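# Survey of secondary and tertiary structure
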Protein chains: 2
Amino acid sequence: MSGLRVAVAGATGAVGAELLRLLAERKFPLASLRLLASARSAGRVLPFDGEELPVEELTDASLEGCDLAFFSCGGDRSRRFAPRARARGTVIVDNSSAFRLDEDVPLVIPEVNAAALDGHQGLLAVPNCTTIVFLMAVAPLHREAGLSRAVVSSYQAASGAGQAALDEYDAQTRAAAEGRPLEASVLPRVLHGNVIPFVGDLREDGATTEEQKFPDETRRILDDTDVEVAATCVRVPVARAHAVSAALEFRRPLEPARAKEILRVAPGVVVVDDADPPDYPTPLDASGRCDVFVGRIRRDASRPGGLLLWSVGDQLLKGAAWNAVQIAEHLVRRGGV
Amino acid sequence: MSGLRVAVAGATGAVGAELLRLLAERKFPLASLRLLASARSAGRVLPFDGEELPVEELTDASLEGCDLAFFSCGGDRSRRFAPRARARGTVIVDNSSAFRLDEDVPLVIPEVNAAALDGHQGLLAVPNCTTIVFLMAVAPLHREAGLSRAVVSSYQAASGAGQAALDEYDAQTRAAAEGRPLEASVLPRVLHGNVIPFVGDLREDGATTEEQKFPDETRRILDDTDVEVAATCVRVPVARAHAVSAALEFRRPLEPARAKEILRVAPGVVVVDDADPPDYPTPLDASGRCDVFVGRIRRDASRPGGLLLWSVGDQLLKGAAWNAVQIAEHLVRRGGV
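Residues numbered from 1 in each chain as written. Chains lettered and ligands numbered in written order. Predicted model: local features only at pLDDT ≥ 70, side-chain atom pairs only at ≥ 80, totals over all residues.

A tally of helices and strands in chain A yields 10 helices and 15 strands. At 20 Å, chain A has a C-alpha radius of gyration in line with the 20 Å of a compact globule built from 337 residues. Taking the principal axes of the C-alpha coordinates as reference, chain A spans close to 60 × 55 × 45 Å. Nonlocal contacts in chain A, meaning residues at least 24 apart in sequence, comprise 66% of its contacts between residues at least 6 apart. (Helix = DSSP H or I, 4+ residues; strand = E, 2+ residues; numbered from the N terminus. Rg over C-alpha atoms; globule rule 2.2 N^0.38 Å. Contact = placed C-beta atoms within 7 Å.)

Okay, here's the thing in structure tokens:
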């Protein structure tokens, strides 16, 4: 197979590092690989598959001639550079929230709605990381019983707010261990020894932008405008891997035993749910893993036919880099790039 | 006022320490104060109001002649010692879960159901700490609109599992800062840099004992057997102060603005809920405070008339010691002890 000319925009970030690792590990068919980042990072060198590659500044020119570009450098840069590159024929896989609700942009979790990639128009969006962790567990159950409503509370890792937030959390841990005062400037509050019930920006209706992504993206990915999702998003002192606690209501009753059967054979899902001794997945278990881990699957006694469950996934991997690489591999297999 | 002969069983624990501090600070009417603990701690000396008091072993004999005893040393010791002391005329305020569902034992949050103390039979129970943090926010709204169902996910502090769990978490923080491996033996998993979706013991139906306390105790405290509560209880790397994310459904619609009005005048509740700049309560804000802090009050777009909110309280104080002292003060005022 002849390779593709690929660019990674945001190569120096936390998701960028995972993208590079996965492209090498998966032996993604590369004719060339261009690492792009902000002017500040240009001139750095990053390891890739035993070599060292230079980082160039992300510009219209540096994207020219690429067949495929991964974008992981925030919504503003995606909005600025992706449409022009796409117009010049580069297929874009975008990790930002910039285009996720655009009608002509497929919003795809390959295990859930790969068919949405067919006939794409050069721009594909990776869903919000927490929504991916939620839907990997919920979409297979939706197919069986028809999800009508979900109430979700999240437990989101520091690295979901970027490398600087993770560094700040690590610095706070060291300060706590040494009895020094804890300082916060990247995240809105101290994270070590705390949880922060506020992720994203505040909307007029009192929800945060992060919380609104749950209903918006769930409806698009499940292709069902009647699904309701109420979300509360909370940052917790965890390095990587987001978790969600979910209460699910279905159009048709779903027994916990049947839900476990379905999830045990769902691609990309690992059920960790044992009684003796009790076993369940935690963020530390999921860190560095591409699968999403589901446990605490049980009847919701407060709602006939309802279910409660707990889902955990590494948001840098399945929540971002791995989902993006899966989309790209799918396109390569189908000749869509 | 002539004072009471008081005992604190579990004086050397995390809740015991707060009880002693509060009894001194509140100038609780004491004729004598006896500090009781396990045989292992007998002979130690604890500070109380500028003095030093000896710790005696908790036995039937050491409780003799007491007018009032606070129990904070686990369900087993409460079950073993409280009934006999009560039979000999000692009024018991019990922080354990041993008697919370007994018909003749009032289960009381004074701001919510103080009337249940009238005509007590010598044994009073303090509710589960997380349920208190939940109900301090929810009971005033229930009185207005009639709670029908709540979906709750908790964010519970290490000290809720006792001083040993808190010490283990602190040791893990130091190990993490120094790059040493993290070890867990008190809690079922490593807590630093992690969250543990499992608090208490597993029940036959897949819920944990901690999760089942929510519906059981909520129904007793609100005196409403029709209220449904689904809970998922999660331990988080926080030293003290539990938080809950709650989705509330009511029999009559309740607007967020009206809910805020109600909570702003609710005793023992502080509303922290601002838009510009965004403000909301975190566990660090609530630590060391007797009030319960409520924020993120907003419409639940997934359920007509429903509300979402976030509630935080120091579980050693309002979740345990302070609620117990409030009960005792109430009894003293009413001549009930």
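Here the narrative resumes, following the displayed structure.
On to the relation of the copies chain B and chain A, then. Both copies of the chain are placed relative to one another by a rotation about an axis and a shift along it. Superposing chain B onto chain A takes a rotation of 180° combined with a translation of 0.0 Å along the rotation axis, leaving an RMSD of 0.0 Å. A rotation of that kind, with that shift, is consistent with a two-fold axis. Most of the interface of chain B is mirrored in chain A: 100% of its interface residues are interface residues there too. (Least-squares fit on C-alpha atoms with pLDDT ≥ 70 in both.)

Our focus in this paragraph is the packing of helix α5 (residues 129–145) of chain A against helix α10 (residues 317–334) of chain A. Residues and elements named next belong to chain A. Their axes nearest at 8 Å, the elements α5 and α10 cross at an angle of 90°. Put simply, α5 runs roughly perpendicular to α10. Seen from α5, the contacting residues are C129, I132, V133 and M136; seen from α10, they are K318, G319, A320 and N323. (Axes fitted to C-alpha atoms, helices over the stretch in contact; angles between N-to-C directions. Parallel < 35°, antiparallel > 145°, perpendicular 65-115°, else oblique.)

Turning our attention to α10(A). It helps to recall that an α-helix has 3.6 residues per turn; residues three or four apart then point in one direction. Residues and elements named next belong to chain A. Within α10, the axis deviates most sharply at N323, by approximately 40°. Where α10 is concerned, the buried positions are L317, K318, G319, A320, A321, W322, N323, A324, V325, Q326, I327 and A328. Taken from the residues just after α10, G335 is the one with a positive phi, measuring 70°. (Bend = angle between axes of the 7 residues up to and from the residue. Buried ≥ 20, exposed ≤ 12 C-beta atoms within 10 Å, placed from the backbone.)

Residues and elements named next belong to chain A. The domains assigned to chain A are domain 1 (4–127 + 320–334) and domain 2 (130–315). When each unit is reduced to the centre of its C-alpha atoms, the spacing between domain 1 and domain 2 is 25 Å. Taken together, the contacts link 14 residues of domain 1 with 19 residues of domain 2. Its residues assigned to classes, the side of domain 1 that touches domain 2 comprises 8 nonpolar, 4 polar and 2 charged. (Domains from an automatic or database assignment. Nonpolar A, V, L, I, M, F, W, Y, C, P; charged D, E, K, R; others polar.)

For the rest of this paragraph, the subject is the environment of Y280(A). Residue position: Y280(A) is located in the loop between β13 (278–279) and α9 (283–286). We classify Y280(A) as buried; it has 21 C-beta atoms within 10 Å. Not counting residues up to four positions away in its chain, the partners in contact with Y280(A) are V272(A), D273(A), G295(A), R296(A), W310(A), P197(B) and F198(B).

So, about the sheet that holds strand β2 (residues 30–37) of chain B. Residues and elements named next belong to chain B. Strand order across the open sheet formed by 7 strands is β3-β4-β2-β1-β5-β6-β7, with mixed pairing between neighbours. Looking at strand neighbours, the two that pair on one side only are β3 (45–48) and β7 (123–125), the edges of this open sheet. On average, each strand axis in the sheet is inclined to that of its neighbour by 25°, with strand direction left out of account. Note: strand β1 (residues 4–9) against strand β5 (residues 68–71), 4 bridges, orientation parallel. For V6, the partnering residue across the bridge sits in β5 and is L68. Where helix α3 (residues 75–87) meets the sheet, its contacts fall on β1, β5, β6 (91–94) and β7, and the angle it forms with β6 comes to roughly 155°. Taken strand by strand, helix α10 (residues 317–334) contacts β5, β6 and β7, and its axis lies near 155° from that of β6. (Pairing = 2+ DSSP bridges.)

It is at 8 Å that the axes of helix α6 (residues 163–177) of chain A and helix α6 (residues 163–177) of chain B come closest, and there the two elements cross at 115°. Of the two elements, α6(A) crosses α6(B), and the hand of that crossing is left-handed. When α6(A) is examined against α6(B), the residues T173(A), R174(A), A176(A) and A177(A) are found in contact with a partner set consisting of T173(B), R174(B), A176(B) and A177(B). Across the contact of α6(A) with α6(B), the residue classes tally to 4 nonpolar, 2 polar and 2 charged. (Left-handed = near helix turned anticlockwise from the far one by under 90°.)

This part covers the nonpolar core. One broad rule of soluble globular proteins: the nonpolar side chains tend to lie buried together. Ranked by internal contacts, the top residues of the largest apolar core, which has 220 residues, are A9(A), V294(A), A324(A), A9(B) and A324(B). Residues contacting A9(A), with those up to four places away along its chain left out, are L36(A), L58(A), A69(A), F70(A), F71(A), S72(A), C73(A), R77(A) and F81(A). (Core = buried A, V, L, I, M, F, W, Y, C linked by C-beta atoms within 7 Å.)

On to the confidence of the model for chain A. A low pLDDT means the predicted coordinates there should not be read in detail. Chain-level pLDDT for chain A is 97 on average; 100% of the residues reach the 70-or-more range. Two summary scores accompany this predicted model of the complex, namely pTM at 0.97 and ipTM at 0.96. (pLDDT = per-residue confidence, 0-100.)

Further remarks concern the pairing of strand β3 (residues 45–48) of chain A. All names here are of chain A. Pairing analysis gives 4 bridges linking β3 to strand β4 (residues 51–57), with the strands arranged antiparallel. For F48, the partnering residue across the bridge sits in β4 and is E51. The hairpin formed by β3 and β4 contains 2 residues between the paired strands, and D49 there has a positive phi angle of roughly 55°.

We now examine the interface of chain B and chain A. Each partner contributes residues to the interface: chain B has 47 residues there, and chain A has 47 residues. At the level of secondary structure, the elements contributing two or more residues to the side of chain B that touches chain A comprise β8 (147–155), α6, β9 (228–232), β10 (242–250), α9 (283–286), β14 (292–299) and β15 (307–313) of chain B. Taken together, the residues that form the side of chain B that touches chain A break down as 29 nonpolar, 9 polar and 9 charged.

Residues and elements named next belong to chain B. The first and last C-alpha atoms of helix α1 (residues 14–25) sit 17 Å apart over 12 residues, in line with the 16 Å expected at 1.5 Å per residue. Along α1, the residues classified as buried are A14, V15, G16, E18, L19, L20 and L23. Against β1, β3, β5, α6 and α10 lie the buried residues of α1. Positive backbone phi, at 50°, marks K27, one or two positions downstream of α1. (Expected span 1.5 Å × (residues − 1).)

With that settled, consider the sheet that holds strand β5 (residues 68–71) of chain A. To summarise the sheet geometry, strands pair through backbone hydrogen bonds and adopt either a parallel or an antiparallel arrangement. All names here are of chain A. Spatially, 7 strands are ordered β3-β4-β2-β1-β5-β6-β7 in an open sheet, and the strand pairing comes out mixed. Of all the strands in the sheet, the pair left with one neighbour each is β3 and β7 (123–125). Sheet twist, expressed as the mean angle between neighbouring strand axes with direction ignored, is 25°. Pairing of β5 with strand β6 (residues 91–94), which is carried by 4 bridges, proceeds in the parallel orientation. By the bridge assignment, F70 is partnered in β6 with V93. Where α10 meets the sheet, its contacts fall on β5, β6 and β7, and the angle it forms with β6 comes to roughly 155°.

All right, on to unusual backbone geometry then. All names here are of chain A. Residue P277 is bonded to the preceding D276 through a cis peptide linkage, with omega at -5°. Its place among the elements puts P277 in the loop between β12 (274–275) and β13. Positive phi outside glycine occurs at K27, with the angle close to 50°. Of note, K27 is situated in the loop between α1 (14–25) and β2 (30–37). Within the chain, D223 stands out as a residue other than glycine whose phi angle is a positive 55°. Note on placement: D223 falls in the loop between α7 (209–222) and β9 (228–232).

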